[in-house]
Amino acid sequence: MLFRSKDYLSAQVAKELQYYFRCNRVAPALYVQYDRLALFGKENKDFRMTFDRNVRTRRSNFQFGESDEDELLLPEGVYIMEIKILGAMPLWLTHLLSEQQLYSRGFSKYGSKYKQDAREHKLKYQLLDKDGKLDTAKCRKLIPYGTGHLPQYASGANLPPEELRSLIADLQDWVIHNTPNGIPILCHDEIIAGADTYMATTYPQCIGAACSFNPLLIEKKARYSSKNMRDIGALLCLGPMADITRDPTFCRNEESYGEDWYLSGRMNLAMVQGLQKGNLRKGVAACTKHFLGYGGGFESDNKEIYEEILLPHEAAIRVGNSKVLMSGYHQYRDTFTVASKQLLTGILRDYLHFDGLTVSDYGSIRYIDNFPDDDFLSRAVMAMNAGNNAEFSVAKYYPYLKEAMDKGLVSEATVEEAVKNVLRVKAAVGLLDKNPAFFTSGPIEFDTPQERQTAYDLAAESIVLLENNGTLPLGKPGKIALVGPNANSAWAFHGDYTYPATAMYWHRTQPDFEHPKVVLLKDA
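Keep in mind it's a predicted model, so treat the numbers as computed, not measured.

How each quantity is defined
- Residues numbered from 1 in each chain as written.
- Predicted model: local features only at pLDDT ≥ 70, side-chain atom pairs only at ≥ 80, totals over all residues.
- Heavy atoms only, no water.
- Buried < 20%, exposed > 50% of the residue type's maximum accessible area, 1.4 Å probe, protein only.
- Helix = DSSP H or I, 4+ residues; strand = E, 2+ residues; numbered from the N terminus.
- Pairing = 2+ DSSP bridges.
- Contact = heavy atoms within 4.5 Å.
- Core = buried A, V, L, I, M, F, W, Y, C linked by side-chain atoms within 4.5 Å.
- Axes fitted to C-alpha atoms, helices over the stretch in contact; angles between N-to-C directions.

Among the five residues that make up strand β6 (residues 186-190), five are buried, leaving the element largely enclosed by the rest of the structure. Looking at chain direction, strand β5 (residues 149-151) and β6 are connected through three bridges and run parallel. The residue of β6 that forms the bridge with Leu-150 is Cys-187. Note that β6 and strand β7 (residues 236-238) share three bridges and pair parallel. Paired with His-188 across the strands is Leu-236, a residue of β7.

Considering the arrangement of structural elements, one finds Ser-264 in helix α9 (residues 261-276). Residue Ser-264 is classed as buried on the basis of its relative accessible area, which comes to 0%. Those residues in contact with Ser-264, other than ones at most four positions away along the chain, are Ala-242, Asp-243, Ile-244, Tyr-257 and Pro-312.

Moving on, we get to the nonpolar core. Formed by 45 residues in total, the largest nonpolar core has its most connected members in Tyr-153, Leu-171, Ile-218 and Tyr-257. Elements with a contribution of two residues or more to this core: α6 (161-178), α7 (206-209), α8 (215-231) and α9. One finds Leu-186, Leu-236, Leu-238 and Phe-392 within the second-largest nonpolar core, a separate group that totals 25 residues.

Let's shift gears to the sheet that holds strand β9 (residues 324-327). Strand order in the open sheet made by the six strands is β5-β6-β7-β8-β9-β12, with parallel pairing throughout. Both edges of this open sheet fall to β5 and β12 (357-359), since each of them pairs with a single strand only. Here the strands of the sheet are splayed against their neighbours by 25° on average, with no regard to which way each runs. In the sheet, β9 pairs with β12 via three bridges, with the strands oriented parallel. The residue bridging Met-326 from the neighbouring strand is Val-359, located in β12.

Pasting the structure below:
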């Protein structure tokens, strides 16, 4: 979400922003313009201030206060030029910022008025022509040696499943026949609330589904989602989220199965078993995330770490046979997890005996703060030597590994083992077969009555009545108050990795609320 201003923030807005950032653990990037020309008669100077996910300030002459009473401190001549929020903001704060001459692209009752633009679909603007067909000239220019993976090509895209399948078919065929090694692409996408794409069933968020205490329904839902993903060529799914969450201000609670280690472990195991179906050539590979303690507990003592925080991951690996694992954006023992050898080698490989593929969360290697911002080489070296095999989602740092090997900073054996781990997953899902099955054939039917019923059953079983003081059952017809700016918002009612929310938030497009059918609370 983007806001811009050419004025000072008022004390009210500053205080509200400070409160929101602190309570929600968001990761804002604030671009501050220091107008030296106006103050000192010298040249203008622009500089950038950032805040990481733990809301620790890189202090300069601009900072958040240490307590709730402190205000956002702005030295004379400095104003906020741009605020980029990596996460959804509540409507009340959006309105407040808008009143202060900061603007966004607007909101409707569905959460967004975003117009469809070139960013709608990464695959479309990178490798396709203006008619939406594969552009072989772009392929030769952008991926002359192929590419290891294709991230989130279906998320939030307004393309029917047959069109998505056709695109992947054309792309895989081109890579096999026009690149030196001819190794197919591992396509992956989001899965925690069902296939995150047009026309697919949207299931309840994990935090709600956990309240069903029904792992059989979780596995059933995952089996349907697995078929949806294989239908369109996505053989790796980014889920389940195996984080135990015990902090109500954590910004991704809806992706988790909650705070109990046993319940979370059982539900995650059911999700893995449903996705993989006991045979990766029939199911899809699960990717458990975020190793370790992203949702809380990363600062716990070893007893809690090994007995509780680790257990959902351990169950997925030892019992569910999951073969892909993603680290997080956070730190473990003062080291970012993507660069923690203690985690990715010591605990994961040596203790859990994980023999699969490790991947970074999207863009997380850039958070390694041991080096200057422009030192891509050192970040790549630290992540690879720690045990992170592949960089998701864009290869920004790992292209420097060739230079790192030439300089003796990374051994050839380390890189070779990482490559083998990628290829093992590709072989397991069938991509390296003589006649690989990238997807299913025949008509594709999404959002079937059976899938709808499963979503309904899971939602119904997730409802928990904590107390009834005589309000239920409702008597004669009356009025019920829906209170708050998000009381009838599709954005608020759907989690982050669902087709409607992904389309609105990430791609700035208006989703089709008929496929799948979205019924808001007021309408219901």
